[in-house]
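# Summary of structural features
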Amino acid sequence: MHVEAASSRVDSAEALSRLAAGAHRLRNGIAAMGWAEFRKLRHDNLDIATRSVQPLLWLFVFGTALRRNRALAGGFHDYRAYLAPGVMAQAALFIAIFFGLAVIWERDVGQLQRLLATPVPRLAIVLGKATGAGVRALAQAIVLFALIAITGISIRWTVGGVVGTLVLLVLATGGFACLSMILASLVRTRERFMGIGQMVMMPLFFASSALYPLSIMPRWLGILARGNPLTYEVHGMRQLLLGVTAGGTLWVDFLFVTVFLAVAAGIAAKAYPRAIL
């Protein structure tokens, strides 16, 4: 009995040791991949500037034109403020969806094959790249926050609201980046990926609450929007920045987005090796 108990303790200790070693490799892999993506961003400041043009047009042209439209703003007094979280999420979505292009490019130049030959866990590779997308979305969000402050658009400037918004933005962007990597594992050329990316991105954007509240949508579109991660991302951001809620709760928004990231990352890690075939 004593021998069996001792053997069981040894087996448990070995299992915990292997688990800790695996978690350590995963953490280091995510950090390494995330840092590599951050270094790319440091040397490509123009990318943030050019990607900021489209959300600024949405916010300051489209938003200003409909500034007094209280129906589109869900009863809020300024449509620009109502639109700001949706525009921020949309800009991050554009970054994330086309992140899969990098996977196809890495395959074409042979970098992906070398990366998969390393001992870095595939989940770490996927989450590291998702972290890179989150860093790019974070940088762009900071630019948008600065312009919102300069132009005097009325949002609630609280530390918890801004930090919570950025956390939710990074989580959702990581999830959409993983979705993009899944798509990249299924196509052979960048041109085909661009077409599929547009086909996925535009329905995600318009079948969400980014531009208008769920209450004014037709029933069928409202049902689709309630299954869309972008809807929960935008709803949470509006609640944090404006205090506007469409009946949902903040913890549900965070939970939905986190589960979306976890599921998408798991599928992407399984599908990622197919990108080299």
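This one's a predicted model, so the numbers in the text were calculated from it and none came from an experiment. (Residues numbered from 1 in each chain as written. Predicted model: local features only at pLDDT ≥ 70, side-chain atom pairs only at ≥ 80, totals over all residues. Heavy atoms only, no water.)

### Re the overall build of the protein
Our working rule: Runs of E in the DSSP output that reach at least two residues are strands. Runs of H or I that reach at least four are helices, and both are numbered from the N terminus. Type-normalised accessible area, obtained with a 1.4 Å probe on protein chains alone, sets the label of each residue: buried when under 20%, exposed when over 50%, and partly exposed for intermediate values. We call two residues contacting when some pair of their heavy atoms lies within 4.5 Å. For accessible areas, the Shrake-Rupley method is used with a probe of radius 1.4 Å. Any residue's cover is judged against the shown protein chains and nothing else.
In terms of regular secondary structure, the protein is built from twelve helices and zero strands. The buried share of the protein, reckoned over its 277 residues, is 47%. Partitioning the contacts of the protein with sequence separation of at least 6, the portion at a separation of at least 24 is 76%. Only carbon and sulfur atoms are counted for the fraction: they give 68% of the accessible area of the protein, which is about 13500 Å².

### Looking at helix H7 (residues 122-151)
In an α-helix, one full turn covers 3.6 residues, which means residues spaced three or four apart are oriented alike. Under the convention used in this document: Take the residue count of a helix, subtract one, and multiply by 1.5 Å to get its expected span.
End to end, H7 covers 44 Å across 30 residues, agreeing with the expected 44 Å (1.5 Å per residue, within 8%). Gly152 sits one or two residues past H7 and shows a positive phi near 75°.

### A look at the confidence of the model for the protein
Filter applied, for reference: Values of pLDDT, the confidence the predictor places in each residue, fall between 0 and 100.
Residue-level pLDDT values for the protein average 81, and 83% of them are 70 or greater. Ranking the elements of the protein by mean pLDDT puts helix H1 (residues 2-42) last with 64 and helix H11 (residues 229-241) first with 94.

### Regarding empty space enclosed by the protein
Empty space among the atoms becomes apparent when a probe as large as a water molecule is rolled across them. Counted only if it meets this: For each structure, a 1 Å grid was placed over the protein atoms alone; sets of points admitting a 1.4 Å probe that cannot get out are labelled cavities, open sets with protein on both sides within 12 Å along at least five of seven lines are labelled pockets, and lining residues have an atom within 4 Å of a point. Grid points are joined across faces, edges and corners, and a volume is the space filled by probe spheres set on the points. Following the grouping adopted for this structure description, the nonpolar residues are Ala, Val, Leu, Ile, Met, Phe, Trp, Tyr, Cys and Pro, the charged ones are Asp, Glu, Lys and Arg, and the polar ones are all others, Gly among them.
Under the counting rule described, the total for this entry stands at one cavity of 30 Å³ or more. Estimates place the volume of the largest cavity at around 30 Å³. Around the largest cavity, the lining residues are Met88, Ala91, Ala92, Ile95, Ala137, Gln140, Ala141, Leu144 and Leu169. Among the secondary structure elements, those contributing two or more residues to the lining of the largest cavity are helix H4 (79-97) and H7. Of the residues that constitute the lining of the largest cavity, the class distribution is eight nonpolar, one polar and no charged.

### Overview of the nonpolar core
Across soluble globular proteins, you tend to see nonpolar side chains buried next to one another. For clarity, the cut-off: To form a nonpolar core, buried Ala, Val, Leu, Ile, Met, Phe, Trp, Tyr and Cys residues must be joined to one another through side-chain atoms within 4.5 Å.
Ranked by internal contacts, the top residues of the largest apolar core, which has 78 residues, are Met88, Leu93, Val126, Ile155, Phe176, Cys178 and Tyr272. Among residues more than four places away in sequence, those in contact with Val126 are Cys178, Met181, Ala265, Ala268, Ala269 and Tyr272.

### Focus on the packing of helix H5 (residues 100-109) against helix H8 (residues 159-184)
The cut-off we apply is this: Each axis is a line fitted through C-alpha atoms, taken for helices only over the stretch in contact, and angles between the N-to-C directions span 0 to 180 degrees. Orientation labels follow simple angle bins: below 35 degrees gives roughly parallel, above 145 gives roughly antiparallel, 65 to 115 gives roughly perpendicular, and whatever is left gives oblique. Note on convention: the crossing is left-handed when the near helix lies turned anticlockwise from the far helix by less than a right angle, right-handed when the turn is clockwise.
One can describe the packing of H5 onto H8 by two numbers: an axis separation of 7 Å at closest approach and a directional angle of 40°. As the angle between them shows, H5 and H8 are arranged oblique. Here H5 runs over H8; the crossing is right-handed. Facing Gly100, Val103 and Ile104 of H5, the residues of H8 in contact are Ser180, Met181 and Ala184. Of the residues belonging to the contact of H5 with H8, the class tally is four nonpolar, two polar and no charged.

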